[in-house]
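So the chains spell out like this:
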Amino acid sequence: MSELVFFSGTMDCGKSTLALQLAYNRKARGLEGLIFSRNDRAGEGRLSSRLGLDAAAIEVEEDTDIWALITKRRMAGEKVDFIVCDEVQFYSVDQVEQLARIVDEIGIDVFGFGITTDFRANLFPGSARMIELADRVERLQVEALCWCGARATHNARTVNGVMVTEGEQIVVGDVGTDDVVSYEVLCRKHHMASMTATSAEAPPYSEDALPLG
């Protein structure tokens, strides 16, 4: 039976790597699938991981009708056994509902990957709808770590190294000539305290710094 599965986690927990691996494993077994992404770090029409792996993808735009795209391809005789959707947090509520409809009415497995909350610890609309509709919600087992070494649970946005809690929900790249936007994962304690590695004057956490034994 086909299903809608949402793999969620913070940044740096291996979502895109798993998405690529999942697509590869199914294609190796003779299944045909499509990969969708939006606002990927590698640019338009790509799904990439921080490990350097990447693949071509269909870029999801504001007006992309995923249901219409899939039904058109199926009516043309194209085989589609599964769909991998990365950066689901950036999808619209309507697009997530289209994914659920594809599962229920066409019988295609849909695997969504994305972060759940924004830099203010508020749910992204796309992720919220995925949680509401998914047959299964899986938390990624590779834990991202805060600079203090604790498990990272929140995504923080920094501008020129300072954590910010106001602004547009989605900002990719620089926001001005002199202002540089970056993102960092933090534990809840340091996210609530607005304490990043830079503001704490602490070096980024490294497993090499762990004591042995």
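For the structure itself, consult the block above.
Everything quoted here is computed from the prediction, not taken from an experiment. (Residues numbered from 1 in each chain as written. Predicted model: local features only at pLDDT ≥ 70, side-chain atom pairs only at ≥ 80, totals over all residues. Heavy atoms only, no water.)

(A) Representation of the nonpolar core within the structure. Counting residues in hydrophobic clusters, the biggest one holds 22 residues, and the most contacted among them are Phe-36, Ile-83, Tyr-91 and Ile-102. Where this core is concerned, the elements lending two or more residues are strand E1 (4-8), strand E2 (33-37), helix H2 (66-75), strand E6 (82-85) and helix H3 (93-106). Element by element, the count of residues in this core is highest for H3, at 5 residues. The residues contacting Ile-102, other than those within four sequence positions of it, are Ile-66, Trp-67, Ile-70, Ile-83, Gly-107, Ile-108 and Val-110. One finds Ile-35, Ala-57, Val-84 and Phe-111 within the second-largest nonpolar core, a separate group that totals 16 residues. (Core = buried A, V, L, I, M, F, W, Y, C linked by side-chain atoms within 4.5 Å. Buried < 20%, exposed > 50% of the residue type's maximum accessible area, 1.4 Å probe, protein only. Helix = DSSP H or I, 4+ residues; strand = E, 2+ residues; numbered from the N terminus. Contact = heavy atoms within 4.5 Å.)

(B) Seen up close, the packing of aromatic side chains. Summed over the entire model, instances satisfying the criterion amount to 2 aromatic pairs. A centroid spacing of 4.8 Å and a plane angle of 10° characterise the contact between Phe-7 and Phe-113, whose relative ring orientation is stacked. A residue pair is termed long-range when its members are at least 10 positions apart, and Phe-7 in strand E1 and Phe-113 in strand E7 (residues 109-114) qualify at 106 residues. Across the pair, Phe-113 and Phe-7 agree in class, each one buried. Ring geometry for Phe-90 against Phe-124: centres 5.9 Å apart, planes inclined by 85°, an arrangement best described as edge-to-face. (Phe/Tyr/Trp six-rings, centres within 6.5 Å; stacked < 30°, edge-to-face > 60°.)

(C) How the structure looks around H3. Under the 1.5 Å per step criterion, the end-to-end length of H3 is 19 Å for 14 residues, consistent within 8% with the ideal 20 Å. Residues Gln-95, Val-96, Gln-98, Leu-99, Ala-100, Ile-102 and Val-103 constitute the buried set of H3. Tucked inside the fold, the buried residues of H3 contact E1, H2, E6, E7 and helix H4 (125-133). Within two residues after H3, Gly-107 carries a phi angle of roughly 85°, on the positive side. (Expected span 1.5 Å × (residues − 1).)

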